[in-house]
Amino acid sequence: MISVLVAFSLVNAALAAVYTDPSELPAHKKYDFIVVGAGTAGNVIAARLAESKKTSVLIIEAGRSNTGFDSDLITIPFLGPTASPFTTFDWNYTTEAQEALQNQTIAYPRGYVLGGSSSTNYMVYTRGSSDDYDKFAEIAGDDGWNWDNLFPYALKNERHVPPNDGHDDSDQYIHDIHGTDGPLLTSVYGWPADVDKTVIATTQELSDEFPLNPDYNSGNMLGVSWMHSTIGGPFRSSSATAYLEPALKKRSNLDLLYNTQVTRIIQTGTSDDDLPLFTQVEFARNSSAPRYTATAKREIILSAGAIGTPQILLLSGIGPAAELAQVGIDSIVDLAEVGKNLVDHPLLPIQWNTNSNNTLDPFFRPGPALDAALDEYHQNKSGPLAANGVSNHMGFFRFPEDSEILAEFDDPTSGPGAPHFELAFANGFFTTSQQIPTSGSFFSMINVIVTPTSRGEVTLTSNDPFAHPNIDPRMLSTDYDVQAMIGSVQAAQRFTAASAWSDVITGPFIDSVNATTPEGIQEYMSLWATTIKHPFCTARLSSVEGEGVADGQLLLKNAAGVRIVDASVFPIIPAGHPQAMIYIVAERAADVIKEAHGLPVWYLN
């Protein structure tokens, strides 16, 4: 019996078929396209491909529904940081021991839910630097991926909406660079903070180092801007709510199967070019359940993310042949870089004590303030919980051209408009690695190295698809990354040393009292640095023969029938919060796929 997806309240409205058990799929049905992963990119691809009535599309998601038990965590914006890790919405991965972090193993959150990590992330919307897009296009050997040619897809993806608190946001972003009728809802902050005026005052006092940028989504992201979030009204906007739900309501040619994990893709023959042809996808509910298969007549699109996609490739016999042999998998396509080049943004929070009575700290702790805020949210869909609790401003910065760090190391950025580091400004005790104090009022700055040079890998622990892979991001393993983080923290300390903060900050939080020298900052870093949850490049594209995993059209190399559309295929990590660029790339990728199969495209250059 076909299951009804409570997540979308489509008991009688859904045209699509929705399944929660692979045994429910119609026997012997073949699809034109099978999309593996109903995450940020996968839902874009499935929804756009299903726009053509001539196609049939199956999308398969390992994780759970985005409604039901605990769904407030991925619906109420303020609660977003509590959606992962160690919840039913998360894969609950952990890393290998990280040498630079005193050999700690750290949680490595990835979304295990319809919407993927767009349902569990912190909702920050930054398109990134135009230089990043141009570098992507250069490595892909296809100008269609550059900033100018992808900008129409940025507008297509987005619908910028008024903030939930109703304040006048007319001077807080550049109106004509934002979409107005796309599926993904974005907005500026929905709850004011006392520190907002102090942040702005600092950009005026220290304008040479920390200038105000009217909108970091213009392609020029340097400076401090009002932060944009994927929030519409009082709710998170994810790829599940923006793309999948409307498609399920409208499209009878789209099938969804969730609570089911893809275990491998299967070679079924050879192509006209004598390449291994993959047309079947194998899946099961768990390790002891029966395995099922479905067939794609045109393409399999892997959108399982920077951890899931390389794991599926390796399990399918696609990857470094010698490593596959070690876990008993026969090599079909020997691609040395599958699972390699894992790159992620390291994050380091730092906090100060403040004399403010209007921070968000009471809402970070169980108690009457949080209870009252929850009541207000549920009754009126208003208040602090209807907003992003991370920050109202965010800044991106470069080290000066004459700085010691750029004299010692090659510049890792994609161009002069791309940042080296990020600072975000939190009106409370923000952390993902420390214990939150039970009392006190705080101001936090979040340091992120957005162009790191450390590289790690994803490898198999065994040939069991239900065993978590080894994840080793090797965070802060290069001298550049360490020095860049020290430089970022020093910039944060200069920011808070501005006179605008003299009546706000009373001193550093105890954890960072010794972070006053490079050595002290590095010691602090080894204790409290962690991932910001932005893994990329584990199946990276390259137009160069013999390099990379996919080509400039995102097609799996040395094989036929498979394309990769997710963070794993990016050749570089975006120098910012990446979900916007993933959405935008996926929008064009859908047109690339359509054009390859003679289907109408929206726009393609």
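Residues numbered from 1 in each chain as written. Predicted model: local features only at pLDDT ≥ 70, side-chain atom pairs only at ≥ 80, totals over all residues. Heavy atoms only, no water.

Caption draft 1: Structural detail: the pairing of strand E20 (residues 442-449). Burial analysis of E20 places 8 of its 8 residues in the buried class, which makes it a mostly covered element. Of the two faces of E20, the one holding Phe 442, Ser 444, Ile 446 and Val 448 and the one holding Phe 443, Met 445, Asn 447 and Ile 449 are both buried throughout. Direction of pairing for strand E17 (residues 346-354) relative to E20: antiparallel, over a ladder of 7 bridges. Within E20, the position partnered with Asn 353 by the bridge is Phe 442. (Buried < 20%, exposed > 50% of the residue type's maximum accessible area, 1.4 Å probe, protein only. Helix = DSSP H or I, 4+ residues; strand = E, 2+ residues; numbered from the N terminus. Pairing = 2+ DSSP bridges.)

Caption draft 2: Fine view of the side chain of His 345. In this structure, His 345 sits in the loop between strand E16 (333-334) and E17. Classification of His 345 by relative accessible area gives buried; the value is 0%. Among the polar contacts made by the side chain of His 345, one reaches the side chain of His 534 at a distance of 2.9 Å. Here Pro 574 takes part through its backbone oxygen, which lies 3.0 Å from a polar atom of the side chain of His 345. Not counting the four nearest positions on each side in its chain, His 345 is found in contact with Val 448, Ile 449, Val 450, Pro 452, Met 475, Thr 530, Thr 531, Ile 532, His 534, Ile 573, Pro 574 and Gly 576. (Polar contact = N/O pair within 3.5 Å; in protein donor to acceptor, adjacent residues only side chain to side chain. Contact = heavy atoms within 4.5 Å.)

Caption draft 3: Representation of the packing of aromatic side chains within the structure. Here the structure, examined in full by the defined rule, presents 28 aromatic pairs. Aromatic pair Trp 602 and Tyr 603: ring centres 6.0 Å apart, planes at 65°, arrangement edge-to-face. Note on Trp 602: relative accessible area 45%, which makes it partly exposed. Note on Tyr 603: relative accessible area 28%, which makes it partly exposed. One aromatic cluster in this structure is built from Phe 210, Trp 352, Phe 397, Phe 399, Phe 421, Phe 425, Phe 443, Phe 495 and Trp 501. (Phe/Tyr/Trp six-rings, centres within 6.5 Å; stacked < 30°, edge-to-face > 60°.)

Caption draft 4: How the structure looks around helix H6 (residues 305-315). With 11 of 11 residues buried, H6 lies mostly within the body of the structure. Gly 317 sits one or two positions beyond H6 and adopts a positive phi of about 85°.

Caption draft 5: How the structure looks around the environment of Ala 100. With respect to the helices, strands and loops of the structure, Ala 100 is situated in the loop between strand E4 (93-94) and strand E5 (107-108). Of the residues examined, Ala 100 reaches a relative accessible area of 29% and is grouped as partly exposed. Remark: the alpha-carbon pair of Ala 100 and Ser 542, spanning 442 residues in sequence, is separated by 30 Å. Leave out the neighbours within four places in its chain, and Ala 100 touches Met 475, Leu 476 and Ser 526.

Caption draft 6: Looking closely at unusual backbone geometry. The omega torsion across Ser 84 and Pro 85 is -5°, close enough to zero to call that bond cis. Within the secondary structure, Pro 85 sits in the loop between strand E3 (57-60) and E4. Its identity as a non-glycine residue notwithstanding, Gln 102 has a phi of 55°, on the positive side. Within the secondary structure, Gln 102 sits in the loop between E4 and E5. When its relative accessible area of 44% is taken as the criterion, Gln 102 is described as partly exposed. Phi at Asn 259 is positive, roughly 60°, even though this residue is not glycine. Summarising the element assignment, Asn 259 is placed in the loop between strand E11 (254-257) and strand E12 (261-270). By relative accessible area, which is 24% here, Asn 259 ends up partly exposed.

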